[in-house]
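Chain by chain, the residues:
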Amino acid sequence: MGPGSTIVAIIAIIAFVIIRTNRDRYRAGSMQQPPFDPAYTASLEREVADLRKRLEVLERIATDEGETRRLSREIESLRDI
C-alpha cells in the first residue's frame, strides 16, 4: 500500500466518521431549528420593503432618459431614504 492509498483510506475513514456523527446528532434532535422570533422577522420584512423602494428608484433612474436635474433629484431622494 503506497502513500497515496494510505491518504485516501484515512480521508475515507474521516468522512465516514463525520457522516455517522452528524446522522446520530440529527436523530437525537440536537440539530433543531432556532426558536421563531416575530420581532426579528418583522424587522427583516421592513428592511426588505425599504430595499425594494430603493431598487425601484434605481431602476427608474437607469431606464428613464430624462434630464440631468431630474437625475440629481432622484439621487438626492435616495440619500433621504
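Per chain, the residues get numbers from 1 upward, laid out in the order the sequence is written. Thresholds applied to this predicted model are a pLDDT of at least 70 for local features of residues and 80 or more for the giving and counting of side-chain atom pairs; totals over whole chains, interfaces and linings are not thresholded and use all residues. Values reported for side chains reflect all heavy atoms of the structure, with hydrogen atoms and water molecules removed beforehand.

A. A look at the overall build of the protein chain. A tally of regular secondary structure across the protein chain gives three helices and zero strands. Where helices and strands are cited, they refer to DSSP runs of H or I of at least four residues and of E of at least two residues respectively, numbered from the N terminus. For the protein chain, the α and β elements follow one another from N to C terminus as α-α-α. A buried classification covers 4% of the 81 residues belonging to the protein chain. Throughout this description, buried means an accessible area under 20% of the type-specific maximum (1.4 Å probe, protein chains only), exposed means over 50%, and partly exposed covers the range between.

B. Inspection of the environment of Ser-72 at higher detail. Relative to the helices and strands, Ser-72 is located in helix 3 (residues 68-80). Taking the C-alpha atoms as reference, Ser-72 lies 9.8 Å from Ile-61; in sequence the two are eleven residues apart.

C. Local environment of a nonpolar patch on the surface. A surface patch of nonpolar side chains, amounting to about 270 Å² of accessible area, comprises Ile-10, Ile-14 and Ile-18. Among the secondary structure elements, Ile-14 is positioned in helix 1 (residues 3-28). Judged by relative accessible area, Ile-14 falls into the partly exposed class, the value being 45%. Patch definition: residues above 30% relative accessible area lacking any salt bridge, with like charges linked at up to 9 Å and the nonpolar side chains Val, Leu, Ile, Met, Phe, Trp and Tyr linked at up to 5 Å. Surface exposure here means Shrake-Rupley accessible area, sampled with a 1.4 Å probe, where a residue is shielded only by the protein chains that are shown. A side-chain nitrogen of Lys or Arg and a carboxyl oxygen of Asp or Glu constitute a salt bridge if their distance falls within 4 Å.

D. Fine view of the pattern of salt bridges. According to the stated counting rule, one finds one salt bridge in the structure shown. Here Glu-76 makes a salt bridge to Arg-79, at a shortest N to O gap of 2.5 Å. Here Glu-76 and its partner Arg-79 are both found in helix 3, three residues apart, which amounts to about one turn of the helix. On the basis of relative accessibility, which here comes to 40%, the residue Glu-76 falls in the partly exposed class.

E. Spotlight on the confidence of the model for the protein chain. pLDDT measures how confident the predictor is about each residue, on a scale from 0 to 100. Residues of the protein chain with pLDDT of at least 70 account for 81%, and the chain-wide mean is 81. Per-element confidence in the protein chain ranges from a low mean pLDDT of 77 for helix 3 to a high of 87 for helix 2 (residues 38-63).

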